[in-house]
Amino acid sequence: MRWIPLLIILSLAFLGGLYILGNIDDANRRKILLIRLAYLTFLGAILFSPLSFTGTAVYIMPAGIGRVNLRYIYIGLGFIENIILTIPLGFLIKRIFSNMSLISIVPIGFALGAGFEIVQYYLSHTFYINRISDINDVLANGIGIITGFILAMMYYYFFERSQYTKQGN
């Protein structure tokens, strides 16, 4: 029963991969979509399964309902890892919603971080995946999403600017 969330994630990833391979003819677009799918699958596995990743190791969490931390804020390696983990998500959000402003991504980033922790809490109590719902993760995920969004804005600004300069010469 503990592995049901991971099986759902992997099944959806498999079906998504089959769809991409069967329906996308452009090789570059197909490659980009498969990379995005791999990232989202990895993110889902990290967030919503009993698998836990530290910077150097993978281990299986023991069965349990996890804990909740809404008070103690600490910045350590796990905090930095969560920021790095969600930077590509911010980049992806900017890519999909190109007209979204920086002001609008701030509440969305923190809402997504909170949403991840709420789902972890629910899955921990339903499937005993033993995940900790932590205010630190909400903050780190929000900061990572916002950072990725800003990096995407900078990338598109400089990329479009260089394209415009090349066309003008």
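About the thresholds
- Residues numbered from 1 in each chain as written.
- Predicted model: local features only at pLDDT ≥ 70, side-chain atom pairs only at ≥ 80, totals over all residues.
- Heavy atoms only, no water.
- Helix = DSSP H or I, 4+ residues; strand = E, 2+ residues; numbered from the N terminus.
- Buried < 20%, exposed > 50% of the residue type's maximum accessible area, 1.4 Å probe, protein only.
- Contact = heavy atoms within 4.5 Å.
- Areas by Shrake-Rupley, 256 points an atom, 1.4 Å probe, with all protein chains shown as cover.
- Lys, Arg positive; Asp, Glu negative; His and termini not counted.
- Charge placed at Lys NZ, Arg CZ, Asp CG, Glu CD.
- Expected span 1.5 Å × (residues − 1).
- Patch = residues over 30% accessible without salt bridge, like charges linked within 9 Å, V, L, I, M, F, W, Y side chains within 5 Å.
- Salt bridge = Lys/Arg side-chain N within 4 Å of Asp/Glu carboxyl O.
- Axes fitted to C-alpha atoms, helices over the stretch in contact; angles between N-to-C directions.
- Parallel < 35°, antiparallel > 145°, perpendicular 65-115°, else oblique.
- Left-handed = near helix turned anticlockwise from the far one by under 90°.
- Nonpolar A, V, L, I, M, F, W, Y, C, P; charged D, E, K, R; others polar.

Novice: Is there a simple way to think about the overall build of the protein chain in this case?
Specialist: Broken down by element type, the protein chain carries 5 helices and 4 strands. Secondary structure elements in the protein chain, listed N-terminal to C-terminal, are α-α-β-β-β-α-α-β-α. Dimensions of the protein chain, computed from the C-alpha atoms along their principal axes, are close to 65 × 40 × 30 Å. Within the protein chain, buried positions represent 37% of all 169 residues. A separation of at least 24 residues holds for 79% of the contacts in the protein chain among residues at least 6 apart in sequence. As displayed, the protein chain offers around 10600 Å² of accessible surface, 70% of which is attributable to carbon and sulfur atoms. Averaged over its 12 positive side-chain charges, the protein chain has a centre that lies 3 Å from the centre of its 7 negative ones.

Novice: Hey, could you run me through helix α2 (residues 27–48) in this one?
Specialist: The α-helix advances 3.6 residues per turn, and as a result positions three or four apart in sequence lie on the same side. The end-to-end C-alpha distance of α2 is 31 Å, a good match for the 32 Å that 22 residues give at a rise of 1.5 Å each. Packing partners of the buried residues in α2 comprise α1 (4–23), β1 (51–53), α3 (77–96) and α4 (102–127).

Novice: Whenever I open this one, a nonpolar patch on the surface confuses me. Can you help?
Specialist: A grouping of Met1, Ile4, Ile8, Leu12, Phe14, Leu15, Leu18, Ile65 and Tyr128 is seen on the molecular surface, where their side chains present a nonpolar patch of about 920 Å² in accessible area. Relative to the helices and strands, leucine 18 resides in helix α1.

Novice: What is the right way to look at the packing of α2 against α3 in this model?
Specialist: Between two packed helices, what matters for the description is the angle formed by their axes and the separation of those axes. One can describe the packing of α2 onto α3 by two numbers: an axis separation of 11 Å at closest approach and a directional angle of 135°. Compared by their axis directions, α2 and α3 come out oblique. You can see that α2 and α3 cross each other, and the crossing is left-handed. Taking contact as the criterion, the partners of Arg36, Tyr39, Leu40, Phe42, Leu43 and Ile46 in α2 are, on α3, Leu85, Thr86, Pro88, Leu89, Leu92 and Arg95. Split by residue class, the contact of α2 with α3 holds 9 nonpolar, 1 polar and 2 charged.

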